Amino acid sequence: MPLEVSMGFDVQAEEPVIWRPGRENNGIMLVTGASGSGKTEALKTIIASIARHGIPVIAVDFHGDLAAPGLTDVLVSGGVYGQAGVNPLSLEPAGIARVGLCSKIDRELARINRAVGRLGYKQKACLSLALTHAYWMRGITAEDRSSWALAPPTLGEVSELLLAGIREGVEGFQRNTLEACHQKVRVLAESPAFNHPNGLNVEVMKANNMRLDFSTLSRPAQVLAAETVLEMVYEAERARGSIPVPCSSDAERFRLFLVVDEAKILTLGRGDASRADHIVNILATEGRKFGIGLILASQVADHFGDDVHAIRPTRLVMKNMGQREAKRVAPTIGVPASLLEAEAEPGSAMLRSNSVGGLVELEMRMEAGEA
Ligand SMILES: Nc1ncnc2c1ncn2[C@@H]1O[C@H](COP(=O)(O)OP(=O)(O)O)[C@@H](O)[C@H]1O
Ligand SMILES: [Mg+2]
């Protein structure tokens, strides 16, 4: 079983390069490089290799170009082609038992805030009330544990409540606050991603190695849908408890891998990539305990927060890098900047990880015969 991911060819040693996540401190890889340098192709190679080992992979695809062997494509969108959706208000009873419904609602508020833009403090209070009320209308309250298993409300219901509030007035809130909230929630509530009768759940996503194609959604809906999925996965694995220590195999060590291409859409989503409460940072720092591997790609290293860098992830750095980024990244992986700036074919990269013995110069490009 050991999980062995074929990465391509070591240019210096002239031998294949194998990444062994089970021998790393954590199963986290950051892929960085300019547009067109081969990040998405690299992810596809890695995904196919992990899937071949029978370890589930869930891929978040904002651009719609991450179809890879071993993945089942699921279009999260509207129209007749939309295949599935998610409900950001859905509850995971074990997660609620840990944090409580009020803090769950606070997290939802923070996610909506990141997705649609800053809400003022009055708007936050207003939306918090609307969310709480929407759960209550479904019979779900903070006090009654048994209610957490009931069907959750939808964003559409929250939007309706706000609309009713505008019509009838709500004590303590001005009309313009209610209107601003309604405006922001409506943008999301109308997105087909949050209205689909076929709701995604973690077991189904894992069993089918799903590529979630968010490419046709609006940016706010992309952010909210992706954060929702990542949090669902985190909560579900957390609810299963920690992986054994020590692990006897990589099958125990890795319950699944999450892959996010164009991760900046999530990490920069109106705010600071380093925020401790951001799900990407939570996954990076806590995911290992619960068997979650994480592979993230974006153009520059700054798209990832301090916590992500601090855990010393495996780094795949594509060549053909802009001068500025090359200067910043070169010292962090211990190569001269000129090497990263060098003109190179897509798929030429440096890989830094323990399991490849430090740093290797890598060629991921397959020759016609090998492919
Ligand atoms: N390993 C590779 N082997 C062959 N061609 C590649 C490889 N990586 C990238 N390419 C070529 O470069 C193009 C851009 O690669 P892509 O992975 O989409 O870049 P990025 O995601 O970094 O913008 C691909 O469409 C493909 O034609
Ligand atoms: Mg790409």
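Keep in mind the model is a prediction, meaning the values are calculated, not measured.

Enquirer: Hey, could you run me through the overall build of the chain in this one?
Expert: On a plain count of helices and strands, the chain comes out with 14 helices and eleven strands. Against the globule reference of 21 Å for 371 residues, the chain gives a C-alpha radius of gyration of 22 Å, in line with a compact fold. Along the first, second and third principal axes, the C-alpha atoms of the chain reach 75 × 45 × 40 Å. A total of 371 residues make up the chain; the buried ones form 53% of that total. Long-range pairs, those at least 24 residues apart, make up 70% of the contacts in the chain with a sequence separation of at least 6. Working note: accessible area of the chain is about 15900 Å², and carbon and sulfur atoms make up 51% of it. For the chain, the distance from the average site of its 39 positive side-chain charges to the average site of its 44 negative ones is 4 Å.

Enquirer: Whenever I open this one, helix 5 (residues 155-168) confuses me. Can you help?
Expert: Given 3.6 residues per helical turn, the α-helix brings residues three or four places apart onto the same face. The end-to-end C-alpha distance of helix 5, which contains 14 residues, comes to 20 Å, matching closely the 20 Å that a straight helix rising 1.5 Å per residue would cover. Turning to helix 5, its buried residues are L155, V158, S159, L161, L162, A164, G165 and I166. At its buried positions, helix 5 is contacted by helix 3 (101-116), helix 4 (121-137), helix 6 (175-189) and helix 8 (219-239).

Enquirer: Help me understand the site of ligand 1 in this model?
Expert: Around ligand 1, the neighbouring residues are A34, S35, G36, S37, G38, K39, T40, E41, P346, M364 and R365. Interatomic distance of 3.1 Å between a backbone N/O atom of G38 and an oxygen atom of ligand 1. Here M364 contributes a backbone N or O atom positioned 3.5 Å from a nitrogen atom of ligand 1.

Enquirer: Sorry if this is basic, but what is going on with the UniProt feature "domain: Helicase HerA-like C-terminal" (unreviewed entry) in the chain here?
Expert: As recorded in UniProt, the feature "domain: Helicase HerA-like C-terminal" (unreviewed entry) lies at residues 26-67. End-to-end, the C-alpha atoms of residues 26-67 are 25 Å apart, and along that stretch the chain is 33% helix and 24% strand.

Enquirer: What exactly am I supposed to notice about the side chain of E361 here?
Expert: Summarising the element assignment, E361 is placed in strand 11 (residues 358-363). In this structure the side chain of E361 is engaged in a polar contact, spanning 2.7 Å, whose partner is the side chain of Q12. When residues no more than four places from it in sequence are discounted, the contact partners of E361 are F9, D10, V11, Q12, K319, L339, A349 and M350.

Enquirer: Where do I start with the sheet that holds strand 7 (residues 256-260) in this structure?
Expert: Adjacent strands of a sheet form backbone hydrogen bonds with each other and so pair up, either parallel or antiparallel. The eleven strands lie next to each other as 2-1-11-10-9-3-8-7-4-6-5, forming an open sheet whose pairing is mixed. The open sheet has two edge strands with one neighbour each: strand 2 (15-19) and strand 5 (72-75). Taking each pair of neighbouring strands and ignoring which way they run, the sheet shows an average axis angle of 25°. Here five bridges tie strand 1 (residues 5-10) to strand 2, and the two strands are oriented antiparallel to one another. The residue of strand 2 that forms the bridge with V5 is W19. Along the sheet, helix 8 makes contact with strand 4 (57-61), strand 6 (210-213), strand 7 and strand 8 (292-298), crossing strand 7 at roughly 165°. Packed on one face of the sheet, helix 13 (residues 323-333) meets strand 9 (314-318), strand 10 (348-353) and strand 11 and runs near 145° to strand 9.

Enquirer: What should I look at first to understand the nonpolar core in this one?
Expert: A general tendency of soluble globular proteins is for nonpolar side chains to be buried together. Counting 73 residues, the largest nonpolar core has L127, M205 and F214 as its most contacted members. Per-element tally for this core: the top contributor is helix 8, with eleven residues. Formed by 31 residues, the second largest nonpolar core is a distinct cluster that contains L71, A297, L316 and M318.

Calculation rules
Residues numbered from 1 in each chain as written. Chains lettered and ligands numbered in written order. Predicted model: local features only at pLDDT ≥ 70, side-chain atom pairs only at ≥ 80, totals over all residues. Heavy atoms only, no water. Helix = DSSP H or I, 4+ residues; strand = E, 2+ residues; numbered from the N terminus. Rg over C-alpha atoms; globule rule 2.2 N^0.38 Å. Buried < 20%, exposed > 50% of the residue type's maximum accessible area, 1.4 Å probe, protein only. Contact = heavy atoms within 4.5 Å. Areas by Shrake-Rupley, 256 points an atom, 1.4 Å probe, with all protein chains shown as cover. Lys, Arg positive; Asp, Glu negative; His and termini not counted. Charge placed at Lys NZ, Arg CZ, Asp CG, Glu CD. Expected span 1.5 Å × (residues − 1). Near = heavy atom within 4 Å. Polar contact = N/O pair within 3.5 Å; in protein donor to acceptor, adjacent residues only side chain to side chain. UniProt positions renumbered as here; feature names shortened; annotations may be inferred. Pairing = 2+ DSSP bridges. Axes fitted to C-alpha atoms, helices over the stretch in contact; angles between N-to-C directions. Core = buried A, V, L, I, M, F, W, Y, C linked by side-chain atoms within 4.5 Å.

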